[in-house]
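The residues making up each chain are set out below.
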Amino acid sequence: MSFRKWRKELVKMVVIFAVLFVLIAVLNIFFPAMGWHMRYGWMVKGDSGPSEAYLMMSRITSVIVLILFFLFFLPSMFG
């Protein structure tokens with residue numbers, strides 16, 4: 001595989017990673033209970049759900065991680 005093909009494939013993978021990362025962060029901002037149900041909900045029997053504190057902290061950390069991604073990681077990927 002030549003260097004140009006390898007670099008082209010690498011850029012494709014980086015773009016896919018960036019899109020998936022942003023998509024997951026945005027989903028966690030708007031639907032934090034979905035993440036709780038995927039991680040913990042299947043272990044709990046009965047009608048249980050995440051606390052308001054968990055939902056708020058999940059949203060806050062997702063916003064912080066998304067901001068850090070846009071400020072530091074994204075420019076270094078394409079710079």
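Structure shown above.
Worth saying up front: this structure is predicted, and the values here are computed from it rather than measured.

Rules used throughout
Residues numbered from 1 in each chain as written. Predicted model: local features only at pLDDT ≥ 70, side-chain atom pairs only at ≥ 80, totals over all residues. Heavy atoms only, no water. Helix = DSSP H or I, 4+ residues; strand = E, 2+ residues; numbered from the N terminus. Rg over C-alpha atoms; globule rule 2.2 N^0.38 Å. Buried < 20%, exposed > 50% of the residue type's maximum accessible area, 1.4 Å probe, protein only. Contact = heavy atoms within 4.5 Å. Areas by Shrake-Rupley, 256 points an atom, 1.4 Å probe, with all protein chains shown as cover. Polar contact = N/O pair within 3.5 Å; in protein donor to acceptor, adjacent residues only side chain to side chain. Salt bridge = Lys/Arg side-chain N within 4 Å of Asp/Glu carboxyl O.

Side note on the overall build of the chain
- Helix and strand counts for the chain come out as three helices and zero strands.
- The C-alpha atoms of the chain give 17 Å as radius of gyration, which overshoots the globular expectation for 79 residues (12 Å, by more than 25%).
- Overall size of the chain, expressed as C-alpha extent along the three principal axes, is 55 × 25 × 15 Å.
- Across the 79 residues of the chain, 16% fall into the buried class.
- If you take every contact in the chain between residues at least 6 apart in sequence, the share linking residues at least 24 apart comes to 64%.
- Only carbon and sulfur atoms are counted for the fraction: they give 73% of the accessible area of the chain, which is about 6,500 Å².

Focus: the side chain of Ser58
- For Ser58, the location among the structural elements is in helix H3 (residues 52-78).
- Within the structure, the side chain of Ser58 is placed 3.1 Å from the side chain of Asn28, a separation counted as a polar contact.

A few points about the pattern of salt bridges
- Tallied over the full model, the rule gives one salt bridge.
- One salt bridge connects Glu9 with Lys12, and the closest N-O pair in it is separated by 3.7 Å. Within this pair, Glu9 and its partner Lys12 are both found in helix H1 (residues 3-30), separated by three residues, close to a single helical turn.

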